[in-house]
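# A closer look at the structure
Chain by chain, the residues run as shown.
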Amino acid sequence: MSRRLVLCAAIAATLPLAGCTADSPRPTPPPPAPGPMRLVAFDSCQQLEADLKRAAKASVGPYGFPGSGAMPEAVAVGGARTLADSAKAAAPPPGPAYSGTNNHEADADEPDIVKTDGRRIVTVDNGTLRVVDAATRRQTGKLALPIQASGGPVELLLSGNVALVLVPGGMGRYVTYKRMPVTNDPQVISVDLSGQPRIISRYKGEGDLVDARLTDGTARIVLRTSPRITFPDPIGREDDDRVDLNRAAIDRADVGAWLPSWEVTTGGTTQKGRADCGRVSRPTDFSGASLVSVLTFDLSKPELGDGTPVTVVADSDTVYATASSLYLASDQRWRLDMFKGRAAMPVRQETDLYRFTLTGNQPPVYAAAGTVPGFLINQYALSEWNGHLRVATTNQGTGQSAVRVLRPDGDKLKQTGVVDGLGKGEQIYSVRFIGPRGYVVTFRQTDPLYSVDLSDPAKPKVTGELKITGYSAHLQPAGDGRLIGVGQEADANGRVQGTQVSLFDVSNPAEPRRLAQHKIPGGSSEAEWDPHALLWWPATKLLVVPVTAYSPTEGRPTTDGAAALQVSDSGVKEIATLKQSAVRRSLVIGDVLWTLSEGGLQASNLSTMDRLAWLPTS
């Protein structure tokens, strides 16, 4: 899975200008030496250009920037209702109890391929947005979206009568040859749902869309862009020549090659612009290959606007947010594919963290930054609680994992405590923080589930450990000292055998126990790498897990649909297998279970699992 960045105006307002060296780049520039982690602003476009070129020349190899291989160059592209009208239109009255997206934090909604407000279900697939009335189980709206094939799934955020469609774009991170242009760029499209769906405003950016969050009607979208530099065709050249020619191409570029462009169309009027070089900030060490932007869109305003981008020179691809904070995480794993000519330095087993504060509908404000050893597995390795940030990482060099606690101190995130030595010779497969406690799963041959006490930020400690076969790829809180793990069963040698669901009793921190387990031999589930695919409905203790299982002898699917499981201390019992090919998502509205697949929406009775309706999307 591709994991899903330019941070501008707010940083410039909150950071003092700092001088940057403007010496002429050397023919073979060394990478910048790591230093104290913080962000500083450039004090001129000339210094921005000089520093970006120096870093880019240290990073570039014979085939382009790190991670690019021979991928194509990203090319920028250049009487409706308004968002305000949509916001004023009467929103549907509250519907029955319903499940939302399985979010990391309850107060920061995450984008997904389906959204509901309890009255209507909104989906997006194959370039079409559809609206379904949950009560009548009929499609009431349909809109063909003006988008091309993208580099990932098109997703949604829903706020009142506005659906925000997020188009990830494709391959904007990779810059190589002019003969292979790419024209699909990330887009943010606001759609009015008060009547028949219609487009209100449309933002086009550059690069690719990393992630997004929505809190109280304000959406924050994270984009990552690469410089628009045309490198020479490498065919027929030696690596040394390719590197020299690529560095010469970087020298010929101006600062505008790095600054992302945007355009916004509302009501037939299009506005265009480009990020201001005076509002770009950077850490001490960076690659010069990517910029990251956080855009802010108030969905009650009449148009999207430019998003007031907040910009930083970074390679971030992990986003974690609450209602009041947003974190970006960057690491050096892009150096793992080093070619001859790139900076001769070992991959630093470190992750840089940037914290921004969020207030109402205002752009993020830079607050602090820090660095921790090791790499994150995903956003669930981060958690903010009582003014502290908890971080779980694996150091691939030492083969050990740790949980650290950081707190803001001025503009720095400083470590207050650490517990390390988890899973020696293994790596983290899943993490979940719940209040003052943390749970970490590591795996190589067996699955230690560690229980970590974080109540004292200065003295985090492991209080219990459970060793079992297999592993949990996602940990789902289930209340009352219970934790559900979804992952893979494995034999004693670590060979995976199929999907497994475990119920853990973590009420005693010193003695975590597995109360029950359900296995699906030969199975795999999207929920193992995307928690949005998992439905946990506490009211009836229902867990719905999409599963595809194959027969090892016949090579055909034995299960293709979703397993509906009843979870209790006495066991994990499969009450039904929903027969629907390639189930992607499940949600509950009232007494109906809805399951979404590539073919359509199915409504089933929540109690009996009998099919009630089928709405094809073709």
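Our structure's up above, just so we're on the same page.
Cut-off values and rules
Residues numbered from 1 in each chain as written. Predicted model: local features only at pLDDT ≥ 70, side-chain atom pairs only at ≥ 80, totals over all residues. Heavy atoms only, no water. Helix = DSSP H or I, 4+ residues; strand = E, 2+ residues; numbered from the N terminus. Buried < 20%, exposed > 50% of the residue type's maximum accessible area, 1.4 Å probe, protein only. Areas by Shrake-Rupley, 256 points an atom, 1.4 Å probe, with all protein chains shown as cover. Salt bridge = Lys/Arg side-chain N within 4 Å of Asp/Glu carboxyl O. Pairing = 2+ DSSP bridges. Axes fitted to C-alpha atoms, helices over the stretch in contact; angles between N-to-C directions. Phe/Tyr/Trp six-rings, centres within 6.5 Å; stacked < 30°, edge-to-face > 60°. Disulfide = S-S within 2.5 Å. Expected span 1.5 Å × (residues − 1). Polar contact = N/O pair within 3.5 Å; in protein donor to acceptor, adjacent residues only side chain to side chain. Contact = heavy atoms within 4.5 Å. Core = buried A, V, L, I, M, F, W, Y, C linked by side-chain atoms within 4.5 Å.

Before going further, it helps to examine the overall build of the protein. Secondary structure assignment for the protein yields 4 helices and 43 strands. Taken across its 618 residues, the protein has 58% of its residues classed as buried. For the protein, the exposed surface amounts to about 23700 Å²; the carbon and sulfur share of it is 49%.

Below, the discussion takes up the pattern of salt bridges. Evaluated as defined, the whole model comprises 21 salt bridges. Aspartate 251 serves as the salt-bridge partner of lysine 57, at 3.2 Å between the closest nitrogen and oxygen. Of the residues examined, lysine 57 reaches a relative accessible area of 3% and is grouped as buried. A relative accessible area of 37% means that aspartate 251 is categorised as partly exposed. A salt bridge links arginine 495 to aspartate 491; the nearest nitrogen and oxygen atoms lie 3.2 Å apart. Overall, arginine 495 belongs to the exposed group, its relative accessible area being 53%. By relative accessible area, which is 18% here, aspartate 491 ends up buried. Beyond isolated ion pairs, a larger network of salt bridges with shared partners links Asp112, Glu526, Asp530, Arg584 and Arg585.

Strand order in the open sheet formed by 4 strands is β40-β41-β42-β43, with antiparallel pairing between adjacent strands. A strand with exactly one partner marks an edge of an open sheet, and here the two such strands are β40 (583–589) and β43 (611–616). Between one strand and the next, the sheet's axes are offset by a mean angle of 20°, whatever the strand orientation. Across 5 bridges, the pairing between strand β41 (residues 592–597) and strand β42 (residues 600–605) is antiparallel. The residue bridging leucine 596 from the neighbouring strand is leucine 601, located in β42.

Within the structure shown, the criterion is met by 6 aromatic pairs. Consider the rings of tyrosine 429 and tyrosine 471, whose centres lie 4.5 Å apart with planes at 55°: the pair is tilted. Here the residue tyrosine 429 occupies a position in strand β27 (residues 427–434), and tyrosine 471 occupies one in strand β31 (residues 471–477), the gap between them amounting to 42 residues. On the basis of relative accessibility, which here comes to 11%, the residue tyrosine 471 falls in the buried class. Site record: aromatic cluster; members linked through ring pairs are Tyr429, Phe443 and Tyr471.

For the structure shown, the criterion picks out 1 disulfide. The residue that forms a disulfide with cysteine 45 is cysteine 277, at a sulfur-sulfur distance of 1.6 Å. Of the residues examined, cysteine 45 reaches a relative accessible area of 30% and is grouped as partly exposed.

Moving on to the sheet that holds strand β33 (residues 496–505). Spatially, β31-β32-β33-β34 is the arrangement adopted by the 4 strands of the open sheet, whose pairing is antiparallel. Pairing within the sheet leaves two strands with one partner each, and these edge strands are β31 and β34 (513–521). Ignoring strand direction, the axes of neighbouring strands in this sheet form an average angle of 20°. Alignment of β33 against β34, held across 8 bridges, turns out to be antiparallel. Across the sheet, aspartate 505 pairs through a bridge with arginine 513, a residue of β34.

The next subject is the pairing of strand β39 (residues 571–579). Here strand β38 (residues 557–568) runs beside β39; their pairing, made up of 8 bridges, is antiparallel. Within β39, the position partnered with valine 567 by the bridge is valine 572. What sits between the antiparallel neighbours β38 and β39 is a turn of 2 residues.

Time to look at helix α2 (residues 45–59). Spanning 15 residues, α2 covers 21 Å between terminal C-alpha atoms, matching the ideal 21 Å at 1.5 Å per step. Every buried residue of α2 is listed here: Gln47, Leu48, Ala50, Asp51, Leu52, Lys53, Arg54, Ala55, Ala56, Lys57, Ala58 and Ser59.

Within the secondary structure layout, glutamine 349 lies in the loop between β20 (325–331) and β21 (350–357). A distance of 2.8 Å separates a polar atom in the side chain of glutamine 349 from the backbone nitrogen of glutamine 396. Each residue touching glutamine 349, except ones within four places of it in the same chain, is listed here: Val372, Pro373, Gly374, Phe375, Thr394, Asn395, Gln396 and Gly397.

Counting residues in each nonpolar core, the largest one holds 25 residues, and the members touching the most others are Leu353, Leu389, Val391 and Val403. Contributing elements (two or more residues each) for this core: β20, β22 (365–373), β24 (388–395), β25 (400–409), β26 (412–422), β27 and β29 (446–453). Excluding anything up to four places from it in sequence, leucine 389 contacts Tyr320, Tyr327, Leu353, Leu382, Ser383, Glu384, Arg404, Val405 and Leu406. Among the nonpolar cores identified, the runner-up in size contains 23 residues, and Phe42, Ala55, Ala253 and Ala289 belong to it.

Across its 14 residues, helix α4 (residues 239–252) extends 20 Å between first and last C-alpha, which sits within 8% of the 20 Å expected from 1.5 Å per residue. Of the surrounding secondary structure, the elements contacted by the buried residues of α4 are α2.

This part takes up unusual backbone geometry. For arginine 137, which is not a glycine, the phi torsion comes out positive at approximately 60°. Relative to the helices and strands, arginine 137 resides in the loop between β5 (128–133) and β6 (138–144). Looking at arginine 137, the relative accessible area reads 29%, which means it is partly exposed. Positive phi, close to 50°, is recorded for asparagine 386, a residue that is not glycine. Structurally, the position occupied by asparagine 386 is in the loop between β23 (382–385) and β24.

Along the chain, leucine 209 turns up in strand β12 (residues 208–215). Once the C-alpha coordinates of leucine 209 and proline 186 are considered, the two residues, 23 residues apart in sequence, prove to be 6.0 Å apart.

Burial analysis of strand β8 (residues 162–167) places 6 of its 6 residues in the buried class, the great majority of the element. Here β8 shows no split at all, with Val162, Leu164 and Leu166 on one side and Ala163, Val165 and Val167 on the other all buried. Two strands pair when backbone bridges link them, and strand β7 (residues 155–159) and β8 are joined in this way by 5 bridges, in the antiparallel orientation. The partner of glutamate 155 across the bridge, within β8, is leucine 166.

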